[in-house]
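Results of the structural survey
The chain contents come next:
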Amino acid sequence: AAAYGLPVVCSSVGGIPDIVNDMVSGRLLVPGATPDQYAELIAEIWESDVRYRGFVEGSRLEYDRRLNWDVWADRVERSLHEAAA
């Protein structure tokens, strides 16, 4: 989603908060949120051009900065060098 600049609305469970930056690339709802709560939040985001555009820009920025294979490869390489040292 981030590579395409799509805002994310999902539950704040497991490692998801490490990927989705709440209020930057989308929104995190509490575990157990109801379908109505998801629908209301999605509608709020969709109906506000400013809010939607902010999440689009934030989502793509998160991808460029930390959620892509080049960043992953750099981190793995750095970790391997540190482990070998």
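These numbers come from a predicted model, not from an experiment.

1. A look at the overall build of the chain
Counting its secondary structure elements, the chain contains 4 helices and 2 strands. Ordered by position from N to C terminus, the α and β elements of the chain give β-α-β-α-α-α. Computed over C-alpha atoms, the radius of gyration of the chain comes to 16 Å, more than 25% over the 12 Å expected from 2.2 N^0.38 for 85 residues, which places it beyond the range of a compact globule. Considering only C-alpha atoms, the chain reaches an extent of 50 × 30 × 15 Å along its principal axes. Long-range contacts, defined as pairs at least 24 residues apart, comprise 49% of the intrachain contacts of the chain with a sequence gap of at least 6. Accessible area for the chain stands at about 6000 Å²; split by element, carbon and sulfur atoms hold 57% of it.

2. Quick look at a nonpolar patch on the surface
A contiguous nonpolar patch, built from Trp-69, Trp-72, Val-76 and Leu-80 and spanning about 500 Å² of accessible area, is present on the exposed surface. With respect to the secondary-structure elements, Trp-69 resides in helix α4 (residues 69-84).

3. Examining the environment of Pro-7
Note on placement: Pro-7 falls in the segment before β1 (8-11). Remark: the alpha-carbon pair of Pro-7 and Arg-27, spanning 20 residues in sequence, is separated by 7.9 Å.

4. Some thoughts on the side chain of Ser-11
Checked against the element boundaries, Ser-11 lands in strand β1. Judged by its relative accessible area of 18%, Ser-11 is buried. Residues within four places of Ser-11 in sequence aside, it is in contact with Ile-16, Leu-28, Leu-29, Val-30, Pro-31 and Tyr-38.

5. Re α4
Counted at 1.5 Å a residue, the expected span for α4 with its 16 residues is 22 Å, and the 22 Å between its end C-alpha atoms agrees. Where α4 begins, the side chain of Asn-68 points an oxygen toward the backbone nitrogen of Asp-70, at a separation of 3.0 Å.

6. Quick word on the packing of helix α2 (residues 35-47) against helix α3 (residues 49-66)
Their axes nearest at 5 Å, the elements α2 and α3 cross at an angle of 100°. With respect to each other, α2 and α3 are oriented roughly perpendicular. Between α2, through Leu-41, Glu-44, Ile-45, Trp-46 and Glu-47, and α3, the contact on the second element is made entirely by Asp-49, Arg-51, Tyr-52 and Phe-55. Taken together, the residues that form the contact of α2 with α3 break down as 5 nonpolar, no polar and 4 charged.

What counts, and where the lines are drawn
Residues numbered from 1 in each chain as written. Predicted model: local features only at pLDDT ≥ 70, side-chain atom pairs only at ≥ 80, totals over all residues. Heavy atoms only, no water. Helix = DSSP H or I, 4+ residues; strand = E, 2+ residues; numbered from the N terminus. Rg over C-alpha atoms; globule rule 2.2 N^0.38 Å. Contact = heavy atoms within 4.5 Å. Areas by Shrake-Rupley, 256 points an atom, 1.4 Å probe, with all protein chains shown as cover. Patch = residues over 30% accessible without salt bridge, like charges linked within 9 Å, V, L, I, M, F, W, Y side chains within 5 Å. Salt bridge = Lys/Arg side-chain N within 4 Å of Asp/Glu carboxyl O. Buried < 20%, exposed > 50% of the residue type's maximum accessible area, 1.4 Å probe, protein only. Expected span 1.5 Å × (residues − 1). Polar contact = N/O pair within 3.5 Å; in protein donor to acceptor, adjacent residues only side chain to side chain. Axes fitted to C-alpha atoms, helices over the stretch in contact; angles between N-to-C directions. Parallel < 35°, antiparallel > 145°, perpendicular 65-115°, else oblique. Nonpolar A, V, L, I, M, F, W, Y, C, P; charged D, E, K, R; others polar.

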